[in-house]
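Chain by chain, the residues:
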Amino acid sequence: MTLNILDTLQEWIEPFKEFVFENHSNPLFWMAVIAVGMGTFFLTYSALNKEN
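Because the structure is predicted, anything quoted here is derived from the model rather than measured.

Trainee: Just checking my understanding: could you explain the pattern of salt bridges for this structure?
Mentor: Note on pairing: side chains with opposite charge can pair once their charged atoms come close. All chains considered together, the criterion is met by one salt bridge. With a closest N to O distance of 3.3 Å, Glu 14 and Lys 17 form a salt bridge. You can see Glu 14 and its partner Lys 17 sitting in helix α1 (residues 2-22), three residues apart, about one turn around the helix. On the accessibility criterion, Glu 14 (28% relative accessible area) is partly exposed.

Encoded structure:
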């Protein structure tokens, strides 16, 4: 069971890793990564601080 999950994860990660290697010098890619990260942070932060 665990090996199947790890194999599936490896299959999903390989295309993403190749995409990152191909676009590592693209500033728009890194701006999008930062924007998604900040958006995730603010959504999580606001969900955990409901009383404020």
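Now that the structure is up, let's keep going.
Trainee: Would you mind going over a nonpolar patch on the surface with me for this structure?
Mentor: Residues Leu 3, Ile 5, Leu 6, Leu 9, Trp 12 and Ile 13 make up a contiguous nonpolar surface patch of roughly 650 Å² in combined accessible area. As for its position among the elements, Leu 6 is in helix α1.

Trainee: What is the right way to read the environment of Val 20 from this model?
Mentor: Along the polypeptide, Val 20 turns up in helix α1. Put simply, Val 20 and Val 33 are 13 residues apart on the chain and 11 Å apart in space, counted from C-alpha to C-alpha.

Trainee: In this structure, what is going on with the side chain of Asn 23? I would like to understand it.
Mentor: Examined against the element boundaries, Asn 23 turns out to sit in the loop between α1 and α2 (27-48). Here Phe 19 takes part through its backbone oxygen, which lies 3.0 Å from a polar atom of the side chain of Asn 23. When neighbours within four sequence positions are excluded, Asn 23 is seen to be in contact with Phe 29 and Trp 30.

Trainee: Help me understand the environment of Thr 44 in this model?
Mentor: Along the polypeptide, Thr 44 turns up in helix α2. The exposure class of Thr 44 is partly exposed, given its relative accessible area of 39%. For the pair Thr 44 and Phe 29, spaced 15 residues apart in sequence, the C-alpha separation works out to 23 Å. At 2.8 Å, the side chain of Thr 44 and the backbone oxygen of Thr 40 are in polar contact.

Analysis parameters
- Residues numbered from 1 in each chain as written.
- Predicted model: local features only at pLDDT ≥ 70, side-chain atom pairs only at ≥ 80, totals over all residues.
- Heavy atoms only, no water.
- Salt bridge = Lys/Arg side-chain N within 4 Å of Asp/Glu carboxyl O.
- Helix = DSSP H or I, 4+ residues; strand = E, 2+ residues; numbered from the N terminus.
- Buried < 20%, exposed > 50% of the residue type's maximum accessible area, 1.4 Å probe, protein only.
- Patch = residues over 30% accessible without salt bridge, like charges linked within 9 Å, V, L, I, M, F, W, Y side chains within 5 Å.
- Areas by Shrake-Rupley, 256 points an atom, 1.4 Å probe, with all protein chains shown as cover.
- Polar contact = N/O pair within 3.5 Å; in protein donor to acceptor, adjacent residues only side chain to side chain.
- Contact = heavy atoms within 4.5 Å.

All quantities given are derived from atomic positions and should not be read as evidence of function.
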